[in-house]
Amino acid sequence: MVEDMLKQLNDLLSKTEKFIGKERESGISSVEAGILANRLEASVTRLSMNRSVYREQLKRGSGLSSERRLIHNLEVTLTLRDDIQAGWTETVVELVHADTYSDYLEMADALLGKGYKDPAAVITGTSLEVHVRALCVKNGVTTAVAGRPKKATTMNADLKKADVYDGLQEKEVTAWMGLRNSAAHGDYGAYDHAQVRRFLDGVQAFMKKYPA
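Analysis parameters
- Residues numbered from 1 in each chain as written.
- Predicted model: local features only at pLDDT ≥ 70, side-chain atom pairs only at ≥ 80, totals over all residues.
- Heavy atoms only, no water.
- Helix = DSSP H or I, 4+ residues; strand = E, 2+ residues; numbered from the N terminus.
- Buried < 20%, exposed > 50% of the residue type's maximum accessible area, 1.4 Å probe, protein only.
- Contact = heavy atoms within 4.5 Å.
- Polar contact = N/O pair within 3.5 Å; in protein donor to acceptor, adjacent residues only side chain to side chain.
- Axes fitted to C-alpha atoms, helices over the stretch in contact; angles between N-to-C directions.
- Parallel < 35°, antiparallel > 145°, perpendicular 65-115°, else oblique.
- Left-handed = near helix turned anticlockwise from the far one by under 90°.
- Nonpolar A, V, L, I, M, F, W, Y, C, P; charged D, E, K, R; others polar.

Section: the side chain of Asn73
Assignment of secondary structure puts Asn73 in helix H4 (residues 66–113). Look at Asn73 and you get buried, because its relative accessible area is 0%. Non-local contacts of Asn73, meaning those with residues more than four positions away in its chain, are made with Ala37, Leu40, Glu41 and Leu58.

With respect to the side chain of Ser43
Relative to the elements of secondary structure, Ser43 occurs in helix H2 (residues 30–46). At 3.3 Å, the side chain of Ser43 forms a polar contact with the side chain of Gln8. Discounting chain neighbours no more than four positions away, the residues touching Ser43 are Gln8, Leu9 and Leu12.

Some details on the packing of helix H5 (residues 117–138) against helix H8 (residues 193–209)
With their axes 10 Å apart at the nearest point, H5 and H8 run at an angle of 25° to one another. Comparing the axis directions of H5 and H8 gives the class roughly parallel. Remark: the crossing between H5 and H8 carries left-handed chirality. On H8, the residues touching Lys117, Ala120, Ala121, Thr124, Gly125, Ser127, Leu128, His131, Val132 and Leu135 of H5 are His193, Val196, Phe199, Leu200, Val203, Phe206 and Met207. Each residue belonging to the contact of H5 with H8 can be placed in one class, and the counts come to eleven nonpolar, five polar and one charged.

Right, dumping it as structure tokens:
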């Protein structure tokens, strides 16, 4: 994922720098400058978390002309790219993941608060499975066998074998996945509202303890 992030940023930075170089003699086209400024802003927004310094820096340039905003956003993008290369890689990836998971778990929490335990369980379970897969990638644990994705339970066991977490945590994750499967297959009587509440709270704590 880090390589993809850097490639995306470097490709866009290269296009922007070429554009600025070509337009120095004849003047920068405000329309094209605006388009590139928007693309830089979108890229930084995708690859940084909400309320990060990068997004705050983008806001400071929102009222500038297209040409000046392009230069401003270029500087912000260069900063993000350089921070990743300088050793922020793991932190940035984890923050992006955390921000994404937080959005889904907040949705699950809102649904549960309104009495919709079943969709809340499905959303929480899906977030858990995605997080377990991300933990595998982070820790060098394979996520596929013979070209086919591993089951979440298998990845959970593999993470325990890799000493990412202990046996007690593995058993807890297994129990959570059982609840998620019941919800996904329509076995809504197999669990109640209180169990989904504990499930959601547990997954939130798990993701904070083992960031991916």
